[in-house]
Amino acid sequence: MDLVKSVRSCLARWDNGGETECRNMLATPHSNPTDTASNDLLSTVYHTFITSTLLSWQPENTFSPTTLAGFIQSLLGSLPSPSSVKSSSVIAFGELLVDILWTVDVELDDVYADANATLANADRGDAVMVDGVDSLTAVARAAKMKQNAEADKRTLAGFVRELVTSGVLDANVCRERLELALIHAAGLIADDQAFSKKEIRMRTALFYKQNKFNLLREQSEGYSKLTTELTSSVGPAHSVIDGYPMESLSAVQARARPAWERVVGLVGYFDLDPNRALDIILDVFSVHLATHYSFFLSLLSFSPWAALPRHSPDSMAVESGQDMYRGKDLDEVLRLAEVQAGVPQEPQLPAAMGANKSRVLAQVLGFKFAHYQGADSTEQTPRSLYLTAALLIREGFITLEDLYPHISPSDADMTDVHKQYLASVDSRIIGAKVSMLAMAAPLESSGTNVKPRQATPAEQKKPEATKETPNQTLGLLHALLSVGALRPAIALLSKYPWMVDAFPELADLLLRILKHSISRLYEAAVPSGPDKSSFGKARARFANAGVVPAPEKRAHITLMAPTPPSTSTSTFLFFYPQWVERVPMCSTLDDVVDVIEPLLNFVGVHVSRDVNFLAKFLRVGRGHLNSIILSSPVTKKPAGTLDTEHPVRQFWYKIIRKYLLPALPLIRGNAVCTVEVWNIVRQYEVTLRWRLYGEMKTTTYKSHSELRVRAIQADRESKGILRRLSMQTIDSLAGAVAKLAHSDPCILFTNAVTQIMAYENMASCVLQALNYVTVMGFDVLLYIMLEALANPNKARVKDDGVNTSDWLQNLTSFTGQLYRRYSADLTPMIRYIVHQLQNGQTTELVVLREIIRNMAGISPLPSLTDSQVIAMAGGPYLRIEAVSSAARGARVEPGDMIIKGPQRLGRALIDSELAQPLLIQVAQQRQKCVYQPPTPSAPLKSLGSLYDTCHGVLLQYIELLVSPSVISLSDYATKILPPLTELNKVYGIPAPICMHMIRPVLNAKLLETALANSERERTASEEAEKRLKAALTAKRDPITATPRTGSPAVGDTATAAEPGQNYAPPQEEDVAMNGAESTLPNQPQNPWQTELFERFDEIKAIAPASAMDIIGPGFYVTFWQMSTYDISPPIAKYEEENANLRALSRQEDSKYVSADRSSDRIKRLSANLHRNKRDRYNLFANYLAQESKDQIIAMGYTKRRLAKEKQHWFAHNPKGAVLAAALVEHCLHPRALLSPMDADFCAQIIKLVHTLGTPGFSTLNTYDKLLSDHVKAVIFSCSEYEAQNYGRFLLGVLTDLYKWHQDEQLFMNDNRSKGSRASYLPGFMRRFSYKSTVAAEDIITWPDFRVVLKKWHRKLLKCIIECIETGEYMHVYNSLVVLKEILPIFPAAAVFETVGPTLQLAIDRFLEKEKRGDLKIFGGAYASGLKKRESFWAPPPKPKVRVLMFKGQAFAHCPLVSTHGLVLQTDAYRHANPW
């Protein structure tokens, strides 16, 4: 009832959307009216429609029969039809509509009869009472009903007449099923009485009269003559070269027409059964199908069963257009292809004219199919019968709808076939899951216990297997696709789309069609390569008897499609070459959207079965995508931004998603297909690519039955490979890994990454097994790794809150090694790191750390030896050779990918424009990490470790960015480093780090200036030397030189002639020069370097205001710009490394000579390797030599610069103590904590500024501030790495002080001005002042300095002991770190004898009380080291005292003094040693 209400509602608003709603509601049921649900819906809807046009049902909304007929006709016209005649759905609906009309007609008869009965009763005078209504009302109602019924009868007859005329209803079906009165009223019969009599006679003849056959005349002779006539008239066989007839079509038809006339004569003469004669014709046709199909098609075209005239293959009615397929659906595309092939598009013929003849031919053919369906038939349906039926359907003799009811299985049985296929898939999945080892029989025991053999049970008789119903639907569909009958084949595939999955051979035929459809476009879009046709030809071979010629291949016509591959002796050709005529051809790239994709939808993942088509299709797709990209005519690179919403890009993205990626798992180990797919996939940005990979990993394998099976198989294969993978099996398994990576990268790499995260030693094995993986494989691997890294459910740190989790450490290490060994895309990983840091995930810095360490060979926070720290004061090449020569220096193996790794990393950072964001994020994380602990209750130890990690990665990353081999300094300065004010004010990066970032840029500019000045000085010196030589030459030979130089002065000549006198330039030149200088105005010169002075404003903006007020920008910039490179070049290290490289070069040269002259071929092959190593050693040695010279020049330039700047650093006259405090706060302490090299620089810069005699700088106050009570606070605030650097800084300071303490002469020399023994440096003045001349009495004496140093040692000891006694972890741990660093110089008995014993006592007490394991172990290690240096810090042993009696008194006798001076010297000793 709800459906009836819906229909009536649509009728009420028919012109306001009701018609459209009805169309949408009836479209699906009309496509399959034989379905029970669809049949019920159509019956209800159209019964409601028809009764709405009649008066007897008193409809609320009347409906015109003409409108209803037009609606039905337009609705049926919009349905797809596989051929030029009515489809089976239209015929079935016509029969259903006839039944509905018959039902309505019967109901009208009942209404009419009831009304007549009521009126008859009223005429007889009987009382009429209906539903409590009186007689008059009932009679009036009955009369009205009768009148309405008569009018409805006329309306119904007119409706039927209109439907028959329009072709919706079949007239024969109406005559068969409708009542005689309605047929007569509709005009389907002229005389109802005559038709009734004819019907009676026909029924009598059909059901009650016995047929009589002329058995004497109908003999086998007639059928034999028929068979002979057919076989003798076929003519010559078709050509085996191209499959076409040897004759023209007109000649074949000229022979077929008289043959048909003779056949008709035989039927008439022998009174043969026409159906049986047709059966014989079809039999002979199927036998001679491969060689004479053209004759039999022509023969049948002259028969009464020819529905349409045959067309000539040479008559192409329509020329193809550029956009003829654009915007059309598949049915319209196939119709246009038929029109283009010359197939006439005639209107549908009425059933009475051609349908019956078609049905007769189809029934006879159907009987032949039914023969093979019987249980007693042991034969399979022959292929020739399927192809015969397909040809008849293609040529229009029969329709698929007529033949379909005669083939098996039925629609219901096809459902069972589908279920069987799904069951087989489930069984394959179960079989793939079961381990083959589990299925193996158990091994026999080695014991002697043998169980008695059980008796074999009697074999039971197996029930006889019943014959399975042949799948003739599959055979017919196969044949239709083989001969190119696309429309009926697509109609059948649309009904059973799962058949391609259950029977993949259908996909081969569809791909054959698609390959031909795209061939013309492929040839036009892709340039043809060299001719390779000769590759498939057999060649002559040599034998004992000589050259044996290649055997000639014989051509064979076959019924198999696709044709079998050629053999060494045979080639095959499909018998029907006209199958290509009705295939729609793609002429433009846009035709791929309208032609290929709809057909590809039926193939699905089975596109993998033809890699040839797949490669062509992908190359066309690449050209299609490139056609929408605007490229620069000069660089040929894309210009402008890509339109991501372009229909072409969206179309190919859908193709990738639906067909290409799902097909990859079914292509076993084909790298070419993977590369071609990647050429399409790479056109899309990484987010879209990874969306595809994510879908492939999660849902694609579940979307198709074959992919479900493949997923289980690939998972087992990958786990089996990884289980056997080791360093010994890499060579044998690398191929298997590559094949699996080509087809199932998501499954393989998911399992591989899982194994890598679980096992530390798995990374190297997997890396070496990826040698043959394609770029797409690495892209998928990168996605899998990032998915694992971004997993929020995994803990980043261990339970201690300090150490990185094992899985993260293993995975990041693998990531770094992967990028080092292979050229995978770095941009996604860098972008991931930037985003994670932006989200506060500090732990992701380990990924960046491993990438830089593996690709560039730069380790974070390395444990450098003292020798390496000294070498770090050199240039880039010396730093590399001293720290990581084997990783990125001269000792790198020539074949190691690390040689190009730094360049790839630098290029990725620059091209992706992520170098600057990454630098800012790492620097910000260094500041924020202590406020974002990995766990809420993280101890200070874990925060310190996290801070060290961030700081180390920052230094590592900056070292990478400023390495000339990675990124040029110009790119670093312009493309990476933001302005200082932006770094500080916008991003919150502190001034020390900002200055650390910009220092390489400033140093490079100053070095360039220094080298330019040196070059100018060298040039000037050479010019002066030339002038001097010229002058000397002129003085030796004045006559010869006179014409050149003119007459010299007499005095000059006399002077020059005197032996032993030095030559001086003429006075005239000096006077002229002085005069020139005197003309210059007396302007004050800027003491600052231009490269530094232009940064003053930025420095003032980022530095603390107190630093600028007290220190001033001049010294602040100079301090942060300089490094140990400028003040202490490691010349000895340069010489050492250069000597080492030269020695290695000589070794490799001798190996090269030996290998090159060896008689062993294998050894000679290694000669180039040794030569390359030798050349690399020599190259780096030359680099070191030049770098050493440049550094010496830079140091000289720096000293001259500092000597000029020192007078202006503190010209604003700050107080000495205030200046010292500011220097310690804003310069020394911040920089000393950055790195060991900075710690050494801070210790050296104090002494340098002191020895320069800088006005206003108090060395005494600076050391006093450094070694005061604030050491305790500094120690507590440090992390472990900072504590090490701080300890190294204190070591450098204390070492300088200790040297002065031990050598008075050194102390005095370092405090005396150079060039004047009476003037002293102001650094150690007793009272701070800005006096220009410092006398000896103004500075502290050496004994006073020793006392002050003693005080500083005492304060340092006090701070450290207080830190240890607090018991707080960071206090204790950092104190031990500092003590360990300064152990070579502190404690020292020479400075303060009690410091050592006091410190040892404090350490012993600490070890007794300490319960924390790591601190106790660390303290014990320091105590051991302190014990080893006891001779340095222990006080000297007390002298042995012996009591002597002198004049009755006892005196202590010291063996070191005489008896006469005993008392005096003992007092002096006690005064010097009060303890």
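## Here's the deal with the overall build of the protein chain
Part 1 of the reasoning: Along the backbone of the protein chain there are 67 helices and 6 strands.
Part 2 of the reasoning: In the protein chain, which comprises 1475 residues, the share counted as buried stands at 47%.
Part 3 of the reasoning: Partitioning the contacts of the protein chain with sequence separation of at least 6, the portion at a separation of at least 24 is 75%.
Part 4 of the reasoning: In the form shown here, the protein chain has an accessible surface area of approximately 74,200 Å², with 54% of it arising from carbon and sulfur atoms.

## Structural notes on the confidence of the model for the protein chain
Part 1 of the reasoning: With 85% of its residues at a pLDDT of 70 or more, the protein chain shows a mean pLDDT of 82.
Part 2 of the reasoning: In the model, residues 1443-1447 has pLDDT below 50 throughout and makes 8 contacts with residues more than four positions away in sequence or in other chains.
Part 3 of the reasoning: Across residues 1450-1475, confidence stays below pLDDT 50; counting only partners more than four residues off in sequence or on other chains, it has 29 contacts.

## A word on the packing of aromatic side chains
Part 1 of the reasoning: If you walk through the whole model with that rule in mind, you get 43 aromatic pairs.
Part 2 of the reasoning: Aromatic pair Phe295 and Phe296: ring centres 5.2 Å apart, planes at 80 degrees, arrangement edge-to-face.
Part 3 of the reasoning: Taken together, a centroid distance of 5.1 Å and an interplanar angle of 75 degrees make the contact between Phe1115 and Trp1209 edge-to-face. Taken together, the residues Phe1115 in helix 51 (residues 1113-1121) and Trp1209 in helix 55 (residues 1167-1209) connect sequence positions 94 residues apart.

## Thoughts on the environment of Val675
Part 1 of the reasoning: Among the structural elements, Val675 can be located in helix 27 (residues 671-681).
Part 2 of the reasoning: Look at Val675 and you get partly exposed, because its relative accessible area is 38%.
Part 3 of the reasoning: Sequence-wise, Val675 and His742 are 67 residues apart; in three dimensions their C-alpha atoms are separated by 8.9 Å.

## A short note on the environment of Leu625
Part 1 of the reasoning: With respect to the helices and strands, Leu625 occurs in helix 25 (residues 611-626).
Part 2 of the reasoning: With a relative accessible area of 0%, Leu625 lands in the buried category.
Part 3 of the reasoning: With 36 residues separating them along the chain, Leu625 and Leu589 place their C-alpha atoms 9.6 Å apart.
Part 4 of the reasoning: Residue contacts for Leu625: discarding those within four places in its chain leaves Val648, Arg649, Trp652, Ile680, Gln683 and Tyr684.

## Considerations on the packing of helix 28 (residues 686-698) against helix 31 (residues 745-758)
Part 1 of the reasoning: Contact geometry of helix 28 with helix 31 gives a least axis separation of 9 Å together with a crossing angle of 85 degrees. Taken together, the axes of helix 28 and helix 31 lie roughly perpendicular to each other. Here Tyr693, Met696 and Lys697 of helix 28 lie close against helix 31, whose contacting residues are Pro745, Cys746 and Thr750.
Part 2 of the reasoning: A breakdown of the residues in the contact of helix 28 with helix 31 according to their chemical character gives 4 nonpolar, 1 polar and 1 charged.

## Topic: helix 2 (residues 18-31)
Part 1 of the reasoning: Its 14 residues give helix 2 an end-to-end C-alpha distance of 21 Å, which sits within 8% of 20 Å, the value for a rise of 1.5 Å per residue.
Part 2 of the reasoning: At Met25, helix 2 shows its strongest bend, of approximately 30 degrees, with the proline Pro29 following within four residues.
Part 3 of the reasoning: Of the residues making up helix 2, those classed as buried are Gly18, Cys22, Leu26, Pro29 and His30.
Part 4 of the reasoning: The inward-facing, buried residues of helix 2 contact helix 1 (2-12), helix 3 (36-52), helix 4 (65-77) and helix 5 (88-124).

Rules used in this analysis
- All chains use their own residue numbering, which begins from 1 and follows the written sequence.
- Residue-level local features of this predicted model are given only where pLDDT is at least 70; pairs of side-chain atoms are given and counted only at 80 or more, and the full residue set underlies all totals for whole chains, interfaces and linings.
- Working from all heavy atoms in the structure, the side-chain values ignore hydrogens and water.
- The numbering of helices and of strands both runs from the N terminus, where a helix is a DSSP run of H or I of at least 4 residues and a strand a run of E of at least 2.
- Only protein chains enter the accessibility calculation, which uses a 1.4 Å probe; a residue is then buried when its area is under 20% of its type maximum, exposed when over 50%, and partly exposed in between.
- Residue contacts are defined here by distance: any two heavy atoms, one from each residue, within 4.5 Å place the two residues in contact.
- With residues, only the protein chains shown are counted as cover, and all accessible areas are computed by Shrake-Rupley using a 1.4 Å probe.
- Note on scores: pLDDT gives the predictor's confidence for each residue, bounded by 0 and 100.
- Two aromatic rings from Phe, Tyr or Trp, using only the six-membered ring of Trp, form a pair when their centres are within 6.5 Å; if the ring planes differ by under 30 degrees the pair is stacked, by over 60 it is edge-to-face, and anything between is tilted.
- Only the contacting stretch of a helix is used when fitting its axis, a line to C-alpha atoms as for every element, and angles between N-to-C directions run 0 to 180 degrees.
- What sets the label is the angle itself: under 35 degrees gives roughly parallel, over 145 gives roughly antiparallel, 65 to 115 gives roughly perpendicular, and the rest give oblique.
- For this scheme, ten residues count as nonpolar: Ala, Val, Leu, Ile, Met, Phe, Trp, Tyr, Cys and Pro. Four count as charged, namely Asp, Glu, Lys and Arg, and the remainder, Gly too, count as polar.
- An expected span of 1.5 Å times one less than the residue number is assigned to each helix.
- Bend, at a single residue, is the angle you get between axes fitted to the 7 residues ending at that residue and the 7 residues starting at it.

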